[in-house]
Amino acid sequence: MTFFVDVTVRGYELDTQGHLNQAVYLQYAEHARWELLRAAGLPQEKLLADGVGPVALEVTIKFRKELRGGERVRVSCRFDYGQGKTFTVAQQILKEDGTVAAEITGVAGVLDLTTRRLVPDPAGRLASLAKDPELLSG
């Protein structure tokens, strides 16, 4: 399942060329990831209470089309689990007409905050804590 949030590009997020600053694309992606977790019933407080937290291990962004102030965008987020301690995060930032403004891919895990090690089954750990675990599966 692909989750999404809508965001409006704000004027203070623009660079000197008048388009969205490159670092803000990553902030939009991070916002969508946390909103996905929250929608699944995993706000930050619940994860911390269980002694775990999501961790980004690698992030790649491909800029496709510039974004300007006032534009509304949809930021998607999907977790794709495989075997092992990590999973893939696939995201897009889409303009209102459906044009892809950016593609963000990453490798993530779930960190045990006591041992400072990745948990062996991130999908299972998140699903066991979530109210709506279906949102967490790609």
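Use the structure listed above.
The structure reproduced in this document is the subject of the present report. (Residues numbered from 1 in each chain as written. Predicted model: local features only at pLDDT ≥ 70, side-chain atom pairs only at ≥ 80, totals over all residues. Heavy atoms only, no water.)

Glancing now at the overall build of the chain. Of the regular secondary structure elements, the chain holds three helices and six strands. A compact globule built from 138 residues should have a C-alpha radius of gyration of about 14 Å, and the chain, at 16 Å, falls within 12% of that. For the chain, the residues scored as buried account for 36% of the 138 residues in total. Considering only contacts in the chain between residues 6 or more positions apart, those separated by 24 or more positions represent 67%. Summing over all exposed atoms, the chain offers an accessible surface of approximately 7,600 Å²; the carbon and sulfur share of this is 50%. Placing the 17 positive and 18 negative side-chain charges of the chain at their respective mean positions leaves the two points 2 Å apart. (Helix = DSSP H or I, 4+ residues; strand = E, 2+ residues; numbered from the N terminus. Rg over C-alpha atoms; globule rule 2.2 N^0.38 Å. Buried < 20%, exposed > 50% of the residue type's maximum accessible area, 1.4 Å probe, protein only. Contact = heavy atoms within 4.5 Å. Areas by Shrake-Rupley, 256 points an atom, 1.4 Å probe, with all protein chains shown as cover. Lys, Arg positive; Asp, Glu negative; His and termini not counted. Charge placed at Lys NZ, Arg CZ, Asp CG, Glu CD.)

Right, let's get into helix H1 (residues 22–39). An α-helical turn contains 3.6 residues, so any two residues separated by three or four positions project in the same direction. Here H1 is 18 residues long and its end C-alpha atoms lie 27 Å apart, about the 26 Å a rise of 1.5 Å per residue gives. Listing the buried residues of H1 in full gives Val24, Tyr25, Tyr28, Ala29, Ala32, Arg33, Glu35, Leu36 and Leu37. If you follow the buried residues of H1, they end up packed against strand S1 (3–8), helix H2 (44–49), strand S2 (52–63), strand S3 (72–81), strand S4 (86–95) and strand S5 (100–112). (Expected span 1.5 Å × (residues − 1).)

Attention now moves to unusual backbone geometry. A positive phi is found at arginine 116, a non-glycine position, where the angle reads about 60°. In this structure, arginine 116 sits in the loop between S5 and strand S6 (117–118). Arginine 116 gets classed as exposed once you look at its relative accessible area, which sits at 53%.

The residue valine 52 is located in strand S2 in this model. Under the relative-accessibility criterion, valine 52 is labelled buried at 0%. As for valine 52 and glycine 109, which are separated by 57 residues in sequence, their C-alpha atoms are 10 Å apart. Residue contacts for valine 52: discarding those within four places in its chain leaves Leu47, Val110, Leu111, Asp112, Leu113, Val119, Arg125 and Leu129.

With that settled, consider the packing of aromatic side chains. Considering all chains together, one arrives at four aromatic pairs under this definition. Measuring from centroid to centroid gives 6.4 Å for phenylalanine 79 and tyrosine 81, while their planes differ by 80°, and the two rings are edge-to-face. A residue is classified by how much of its surface remains accessible, and tyrosine 81, at 27% relative accessible area, is partly exposed. Both rings, one in phenylalanine 79 and one in phenylalanine 87, keep their centres 5.2 Å apart while their planes meet at 55°; by these two values the pair is tilted. Note on accessibility: phenylalanine 79 and phenylalanine 87 belong to one class, buried. The rings of Phe79, Tyr81 and Phe87 are connected pair by pair, giving a single aromatic cluster. (Phe/Tyr/Trp six-rings, centres within 6.5 Å; stacked < 30°, edge-to-face > 60°.)

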